[in-house]
Amino acid sequence: LSGNRSNPFLDAMFSYQPEFNYRTVSESGLPADSLQGIQLLVLSDLKNISSTLAATINGYVSAGGTVALFPAAQCDLESYNRLLNSLQANSMTGFSEQQQDLATINLQQNIFSDVFEKIPDNLQLPVAKQYYTFSRGTTSREEPILALKDGSSFLSHYPSGKGSVYVAAVPLNKDFSELPVHAIFVPMIYKMALQAV
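Quick summary incoming for the structure in this document. As the structure is a prediction and not an experimental result, all values here were calculated from the model. (Residues numbered from 1 in each chain as written. Predicted model: local features only at pLDDT ≥ 70, side-chain atom pairs only at ≥ 80, totals over all residues. Heavy atoms only, no water.)

Positive phi, normally seen in glycine, also occurs at Gln74, with a value near 55°. For Gln74, the location among the structural elements is in the loop between strand 2 (66-70) and helix 3 (77-86). Non-glycine residue Gln88 carries a positive phi angle of around 60°. For Gln88, the location among the structural elements is in the loop between helix 3 and strand 3 (92-96). Relative accessible area serves as the criterion here: at 45%, Gln88 is assigned to the partly exposed category. (Helix = DSSP H or I, 4+ residues; strand = E, 2+ residues; numbered from the N terminus. Buried < 20%, exposed > 50% of the residue type's maximum accessible area, 1.4 Å probe, protein only.)

Moving on: the environment of Phe9. Here Phe9 lies in helix 1 (residues 8-14). The class of Phe9 is buried, set by a relative accessible area of 19%. Put simply, Phe9 and Asn173 are 164 residues apart on the chain and 8.5 Å apart in space, counted from C-alpha to C-alpha.

Here we come to the sheet that holds strand 1 (residues 40-44). Overall, mixed pairing links the seven strands, which are arranged 1-2-9-8-7-4-5 in an open sheet. Each end of this open sheet is capped by a strand with a single partner; those strands are strand 1 and strand 5 (127-128). The sheet contact formed by strand 8 (residues 153-160) and strand 9 (residues 163-168) spans six bridges and is antiparallel. The partner of Leu155 across the bridge, within strand 9, is Ala168. (Pairing = 2+ DSSP bridges.)

Tallied over the full model, the rule gives two salt bridges. Two residues, Lys149 and Asp101, come together in a salt bridge whose shortest N-O distance is 3.6 Å. Here Lys149, found in the loop between strand 7 (143-148) and strand 8, pairs with Asp101, found in strand 4 (residues 100-105); they are 48 residues apart in sequence, far enough to count as distant. Exposure remark for Lys149: the relative accessible area of 60% places this residue in the exposed category. (Salt bridge = Lys/Arg side-chain N within 4 Å of Asp/Glu carboxyl O.)

Taking 1.5 Å of rise per residue, 12 residues should cover 16 Å, and helix 2 (residues 51-62) covers 16 Å from first to last C-alpha, within 8% of that figure. Along helix 2, the residues that are buried comprise Leu53, Ala54, Ile57, Asn58, Tyr60 and Val61. When helix 2 is viewed along its axis, its buried side chains cluster within an angular range of 165° and face the same direction. Away from its buried face, by an angle of more than 90 degrees, helix 2 presents the exposed residues Ser51 and Thr52. Buried-residue contacts for helix 2 involve strand 1, strand 2, helix 3, strand 8 and strand 9. Taken from the residues just after helix 2, Gly64 is the one with a positive phi, measuring 115°. (Expected span 1.5 Å × (residues − 1). Arc of directions from axis to C-beta. Contact = heavy atoms within 4.5 Å.)

Okay, structure coming up:
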């Protein structure tokens, strides 16, 4: 599910992979009744999340669906936080333009558990040029996957209902981070899709 246009990084990954039935839709193109049969719903570049869309996503995740959320630049934090709170995920608190390297990668998390046997000494993780910041919720069941040097969340997983939610601190845009052009991006997204099956 995308904002005004499809995401070129996701398009490049999935468009020529016959094992995935990939398509980009706007909010108005989503089925009104159910998202049944969709293994991974990627939310990318949405400026705001309507209450109707939030309810649809909640129902989908409660029933076992998997969502990956990549916020838009200058998104409406209030609408995002309504969705995040209903999914028992940490809230977005603001925005930082202080560039940071990613410092940790959680190899115990299912996404990366069989990608690396151990972190190579020379592994260069992506740089975050600007990113959203998150609260440290005491009631959420956050599982950090990627974290910045100051310990801030860059990508986290939250179990919710029977489903899963992955929340990123950046849009899929090279102006915000190197993630969409980094070597870990492709296995990360593929594993999100495969874990959801």
